[in-house]
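# Descriptive analysis of the structure
What follows is each chain in one-letter form.
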Amino acid sequence: RSFDLFKAACTPYYLKRSVDDTIGKIAKNGSLWLTGPSGSGKTNAALFSLTAASLPFHFIDLSRYIGCSVAQVFGAIHVEIASGLDLPAPKPLSCQTDKIIPAIGDLLQLASGTTPTLMVDEIPLSTPAEFKEFVEVMCGLMIYLRNDGHRARFILASVDDRDVFACLTRDGTGGGKN
């Protein structure tokens, strides 16, 4: 048997790696971002670990949003969450993240009684500026949820592009390569 994306039925055929346990432990308690070369197994490791840890999750594939702005990517996340909750598609929001963050937060609150877990795959970041903006918006979303008394887990996966990830310095000033 072979598989492109891990499914529970494929568990007997999955070649477990030491990183799988680590991902599962982190995912039970918080969020994480997996990076690595294309085809290295980031997505399957995350899917296996979430399944093995019995964490229900919603899978969001952003590969079709390559070339979109960060605000458009978060707009797509908003639509995908609504779809995963079997809600009608929300009205398209303006490309302003200050409107998208509360809209995503409101949807995540509908998963009452649980801490929702979102597996966001193939995050389309191609420049240091996009990476920095994505991180800022994601942090804004996490702070919004926390301040509103809600939680969510985010398992993020993207291709490791050293030029993109070099944009943040250790002090967070964004003074890296452009």
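These notes cover the structure that comes with them. (Residues numbered from 1 in each chain as written. Predicted model: local features only at pLDDT ≥ 70, side-chain atom pairs only at ≥ 80, totals over all residues. Heavy atoms only, no water.)

### Details of the overall build of the protein
For clarity, the cut-off: For helices the rule is a DSSP run of H or I covering at least 4 residues; for strands it is a run of E covering at least 2, with both sets numbered from the N terminus onward. Each residue is assigned to one of three classes by its accessible area relative to the maximum for its type, calculated with a 1.4 Å probe on protein chains only: buried under 20%, partly exposed between the two thresholds, exposed over 50%. In this analysis, two residues are considered to be in contact whenever any of their non-hydrogen atoms come within 4.5 Å of each other. In these tables, accessible area is a Shrake-Rupley quantity obtained with a 1.4 Å probe, and a residue counts as shielded only by the protein chains included in the view.
When you go through the protein residue by residue, the secondary structure sums to six helices and four strands. Listed N to C, the secondary structure of the protein is α-β-α-β-α-α-β-α-β-α in terms of helices and strands. Taken across its 178 residues, the protein has 40% of its residues classed as buried. Within the protein, contacts between residues separated by at least 24 positions form 70% of all contacts whose residues are at least 6 apart in sequence. Accessible surface computed for the protein: about 9800 Å², of which carbon and sulfur atoms make up 53%.

### Focus: the packing of helix H4 (residues 97–109) against helix H5 (residues 128–147)
Quick note on the threshold: Only the contacting stretch of a helix is used when fitting its axis, a line to C-alpha atoms as for every element, and angles between N-to-C directions run 0 to 180 degrees. Note on angle classes: values under 35 degrees are labelled roughly parallel, values over 145 roughly antiparallel, values of 65 to 115 roughly perpendicular, and the remainder oblique. Handedness of a crossing is defined here by the sense of rotation of the near helix relative to the far one, left-handed for an anticlockwise turn of less than a right angle and right-handed for a clockwise turn.
Two elements in contact, H4 and H5, have axes whose closest approach is 10 Å; the angle formed by their N-to-C orientations is 45°. If you check the angle between H4 and H5, you find them oblique. The chirality of how H4 crosses H5 is right-handed. Across from Thr 97, Ile 101, Pro 102, Ile 104, Gly 105, Asp 106 and Leu 108 in H4, the residues of H5 making contact are Val 137, Gly 140, Leu 141, Tyr 144 and Leu 145.

### Let's talk about helix H3 (residues 70–84)
Note the cut-off: A helix is expected to span 1.5 Å multiplied by its residue count minus one.
Over its 15 residues, H3 runs 21 Å from end to end, which matches the ideal 21 Å to within 8%, given 1.5 Å per residue. Buried residues dominate H3, accounting for eleven of its 15 residues. Taken residue by residue, H3 has Val 70, Ala 71, Val 73, Phe 74, Gly 75, Ala 76, Ile 77, His 78, Glu 80, Ile 81 and Ala 82 as its buried positions.

### Focus on the packing of aromatic side chains
In plain terms, the rule: For Phe, Tyr and Trp, rings pair up if their centres lie within 6.5 Å, where Trp contributes its six-membered ring, and each pair is then called stacked (planes under 30 degrees apart), edge-to-face (over 60) or tilted (otherwise).
A full pass over the atoms with the stated rule returns three aromatic pairs. Plain terms: the ring middles of Trp 33 and Phe 134 are 5.6 Å apart, the flat faces sit at 65° to each other, and that makes the pair edge-to-face. With Trp 33 in strand E1 (residues 32–36) and Phe 134 in helix H5, the pair connects residues that are 101 residues apart, well separated along the chain. Ring centres of Phe 74 and Phe 134 lie 4.9 Å apart, and the angle between their planes is 35°; this geometry places the pair in the tilted category. Taken together, the residues span a long stretch of sequence, with Phe 74 in helix H3 and Phe 134 in helix H5 at a distance of 60 residues. The residues Phe 74 and Phe 134 share a single accessibility class, namely buried. In textbook terms, an aromatic cluster arises when at least three aromatic residues are bridged by ring pairs, as seen for Trp 33, Phe 74, Phe 131 and Phe 134.

### So, the pattern of salt bridges
For clarity, the cut-off: By salt bridge we mean one thing: a side-chain nitrogen of Lys or Arg within 4 Å of a carboxyl oxygen of Asp or Glu.
Counted under the stated rule, the structure contains three salt bridges. Here Lys 16 makes a salt bridge to Asp 21, at a shortest N to O gap of 3.0 Å. Residue classification places Lys 16 among the partly exposed residues on the basis of a relative accessible area of 47%. Taking relative accessible area as the criterion, Asp 21 reaches 38% and is therefore assigned partly exposed. Among the salt bridges present, the one from Arg 64 reaches Glu 80, with a minimum N-O distance of 2.6 Å. Taken together, the residues span a long stretch of sequence, with Arg 64 in the loop between strand E2 (58–61) and H3 and Glu 80 in helix H3 at a distance of 16 residues.

### Structural notes on unusual backbone geometry
One non-glycine residue, Ser 54, adopts positive backbone phi at about 55°. Within the element layout of this structure, Ser 54 appears in the loop between helix H2 (42–52) and E2.

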